[in-house]
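Working through the structure, step by step
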Amino acid sequence: MNTRPARSPRLPWGPMARMAGRRTLLAAPVLLAVTFGVFAAADLSPFDPVKAYAGTAGLTASQADLDRLRANLGVDRPLAGRWWDWLTSALTGDLGTSSVMRRPVAEVIAERVGWSALLAATAFAVALSAGTALGVLAARRRGGRLDRVVTSLAYTLEAAPAFWLGLLAIWFFSVRLGVLPSGGLTDAGSDVVTADQVVRHLVLPALVLGVSQLPWFFLYVRQGVADALDEDPVRGARARGIGERRVLLGHALRAGMLPMLTLIGSRVPELITGALLVETVFSWPGIAAATVQAATSVDFPLLAALTVLATAAVLAGNLLSDLLYGLADPRVGFDG
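Residues numbered from 1 in each chain as written. Predicted model: local features only at pLDDT ≥ 70, side-chain atom pairs only at ≥ 80, totals over all residues. Heavy atoms only, no water.

Taken as a whole and judged by the stated rule, the model has six aromatic pairs. A ring pair is formed by W115 and W284, whose centres lie 6.2 Å apart and whose planes are at 90 degrees; its orientation type is edge-to-face. Linking W115 in helix α5 (residues 105-140) with W284 in the loop between α10 (244-282) and α11 (288-296), this pair joins segments that are 169 residues apart in sequence. Overall, the relative accessible area of 26% leaves W115 in the partly exposed class. Relative to F173, the ring of F172 has its centre 5.0 Å away and its plane inclined at 90 degrees; by these criteria the two rings are edge-to-face. An aromatic cluster is present here, built from F36, W83 and W84 joined pairwise through their rings. (Phe/Tyr/Trp six-rings, centres within 6.5 Å; stacked < 30°, edge-to-face > 60°. Helix = DSSP H or I, 4+ residues; strand = E, 2+ residues; numbered from the N terminus. Buried < 20%, exposed > 50% of the residue type's maximum accessible area, 1.4 Å probe, protein only.)

Printed below as a string of structure tokens:
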């Protein structure tokens with residue numbers, strides 16, 4: 001009699017690596033096109049980066065001074081030349097200097113992207129966990145009171161802008177109840193960032209951003225689990241006397257989660273857009289303020305770097321959703 005324990009299934013690292021490699025190769029021309037598009041759009045913009053850089057001094061500066069500043073900033077050169085210089089420098093790790101913030105672009109992004117990632121990750125966890133739990137409960141009692149109430153609320157939240165939810169949350173939790181801070185990263189008058197302050201100031205923006213993304217996760221999980229509960233394997237499990245909890249979590253939930261995995265990648269752009277709006281409403285020190293300043297001041301290096309960062313996040317989200325789907329359903333595979 002063989003008493004050796006059964007081996008756990010090995011992850012298909014090889015096919016996963018091949019898929020990731022193919023996607024990386026395909027991402028390169030996409031990123032190149034995106035960066036060139038940023039420089040082209042900025043070149044057609046009516047905003048003058050030289051006047052934005054000079055500020056109020058540009059109102060009284062002579063045309064000769066503005067022309068010299070234009071030459072020093074390099075914005076008098078042809079579009080293709082400016083883009084190529086930025087690209088070749090970026091490949092070596094030099095993202096240039098932000099003309100509006102007067103600092104290296106890499107330094108500006110490094111000090112802000114972590115806070116944006118913290119907000120987005122927390123909000124994503126809120127949306128995924130709450131949406132999955134509510135979707136399973138609603139699918140279990142389709143047509144019940146919980147199903148009707150949560151589904152109606154989900155459709156309502158789909159049409160609610162993130163900034164409106166943020167303003168409503170500030171009014172209720174900060175102004176009316178006074179239980180949570182209305183914005184920022186630290187308390188007023190404090191110049192030291194502590195974990196306690198960060199957590200307290202993170203609650204409202206993370207909840208608002210998470211709630212704005214929750215409807216899609218809820219609706220996908222609800223529909224997927226509801227369809228799985230009507231399939232023959234689940235009915236057979238019930239006929240064999242398997243408990244309802246095991247049927248729901250072990251059979252229906254796994255099958256119902258497959259469609260939701262494809263949602264992860266498609267929600268990344270919405271998550272990024274929502275994060276920018278929420279950061280602005282709550283004065284969160286992420287990349288939102290830098291993005292707005294870069295766009296309005298036609299800050300070529302900073303705008304291009306932030307756009308590449310957002311595009312890379314979208315591509316990574318799509319890759320993650322495909323990898324998760326391939327792991328959850330081996331019939332799909334990774335070589336297609």
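What follows covers the pattern of salt bridges. Considering all chains together, one arrives at three salt bridges under this definition. Of the charged contacts in the structure, one is a salt bridge between E111 and R103, with a shortest N-O distance of 2.8 Å. Judged by relative accessible area, which is 39%, E111 ranks as partly exposed. A salt bridge links R222 to D147, with the nearest nitrogen and oxygen atoms 2.7 Å apart. With R222 in helix α8 (residues 195-229) and D147 in helix α6 (residues 145-158), this pair connects stretches of sequence that are 75 residues apart. By sharing partners, the salt bridges in this structure join R103, E107 and E111 into a single network. (Salt bridge = Lys/Arg side-chain N within 4 Å of Asp/Glu carboxyl O.)

Attention shifts here to the packing of helix α7 (residues 162-176) against α8. Across the interface, α7 lies against α8 with an axial gap of 9 Å and an inter-helix angle of 140 degrees. Between α7 and α8, the angle is such that the two are oblique. In terms of crossing hand, the pair formed by α7 and α8 is right-handed. Along the contact surface, α7 presents A162, L165, G166, A169, F173 and S174, while α8 presents L204, V208 and S212. Considering only residue class, the contact of α7 with α8 consists of six nonpolar, three polar and no charged. (Axes fitted to C-alpha atoms, helices over the stretch in contact; angles between N-to-C directions. Parallel < 35°, antiparallel > 145°, perpendicular 65-115°, else oblique. Left-handed = near helix turned anticlockwise from the far one by under 90°. Contact = heavy atoms within 4.5 Å. Nonpolar A, V, L, I, M, F, W, Y, C, P; charged D, E, K, R; others polar.)

Attention now moves to α5. Over its 36 residues, α5 runs 51 Å from end to end, which matches the ideal 52 Å to within 8%, given 1.5 Å per residue. Considering bend angle alone, the principal kink of α5 is centred on R112 and spans about 30 degrees. (Expected span 1.5 Å × (residues − 1). Bend = angle between axes of the 7 residues up to and from the residue.)

Moving on: a nonpolar patch on the surface. Judged by side-chain polarity, F163, W164, L167, L168, W171, F172, F173, V175, L177, V179 and L277 come together as a nonpolar surface patch covering roughly 1000 Å² of accessible area. Top element by residues in the nonpolar patch is α7. It accounts for eight residues. Along the polypeptide, L168 turns up in helix α7. (Patch = residues over 30% accessible without salt bridge, like charges linked within 9 Å, V, L, I, M, F, W, Y side chains within 5 Å. Areas by Shrake-Rupley, 256 points an atom, 1.4 Å probe, with all protein chains shown as cover.)

The predicted coordinates ought not to be read in detail in places where the model reports low pLDDT. Across the protein chain, the average pLDDT comes to 79, with 81% of residues at 70 or higher. Ranking the elements of the protein chain by mean pLDDT puts helix α2 (residues 49-54) last, at 65, and α7 first, at 90. (pLDDT = per-residue confidence, 0-100.)

What follows is about the packing of α6 against α8. As a packed pair, α6 and α8 sit with axes 8 Å apart at the nearest point and diverge in direction by 130 degrees. When the axes of α6 and α8 are compared, the pair comes out oblique. The handedness of the crossing between α6 and α8 is left-handed. Where α6 approaches α8, its residues D147, V150, T151, A154, Y155, L157 and E158 are matched on the opposing element by V211, P215, W216, F218, L219 and R222.

Structurally, T307 can be placed in helix α12 (residues 300-328). A polar side-chain atom of T307 sits 2.7 Å from the main-chain carbonyl oxygen of L303. (Polar contact = N/O pair within 3.5 Å; in protein donor to acceptor, adjacent residues only side chain to side chain.)

Time to look at the side chain of T35. On the secondary structure map, T35 appears in helix α1 (residues 13-44). Its relative accessible area of 2% is what places T35 among the buried residues. Discounting chain neighbours no more than four positions away, the residues touching T35 are W83, W86 and V308.

Next up on the list: the side chain of R112. Mapped onto the elements of the fold, R112 is located in helix α5. Discounting residues that sit within four places of it in the chain, R112 has contacts with M101, P285, G286, I287, A289 and A290.

Once that is clear, we can look at helix α4 (residues 79-91). For α4, which comprises 13 residues, the first-to-last C-alpha distance of 19 Å matches the rise-based estimate of 18 Å (1.5 Å per residue) to within 8%. Along α4, the residues that are buried comprise G81, R82, W83, W86 and L87. Among the residues trailing α4, G93 stands out with phi positive, at a value near 95 degrees.

Take the nonpolar core next. Of all hydrophobic cores here, the largest spans 22 residues; its most connected members are L119, V208, L209, V278, F282 and W284. Elements represented by at least two residues in this core include exactly α5, α7, α8 and α10. Broken down by element, this core gets its largest block of residues, six residues, from α8. Beyond its immediate stretch of four places on either side in the chain, V278 contacts L119, A162, P205, V208 and L209. F39, A294, V298 and L306 belong to the second-largest nonpolar core, a separate cluster that totals 20 residues. (Core = buried A, V, L, I, M, F, W, Y, C linked by side-chain atoms within 4.5 Å.)

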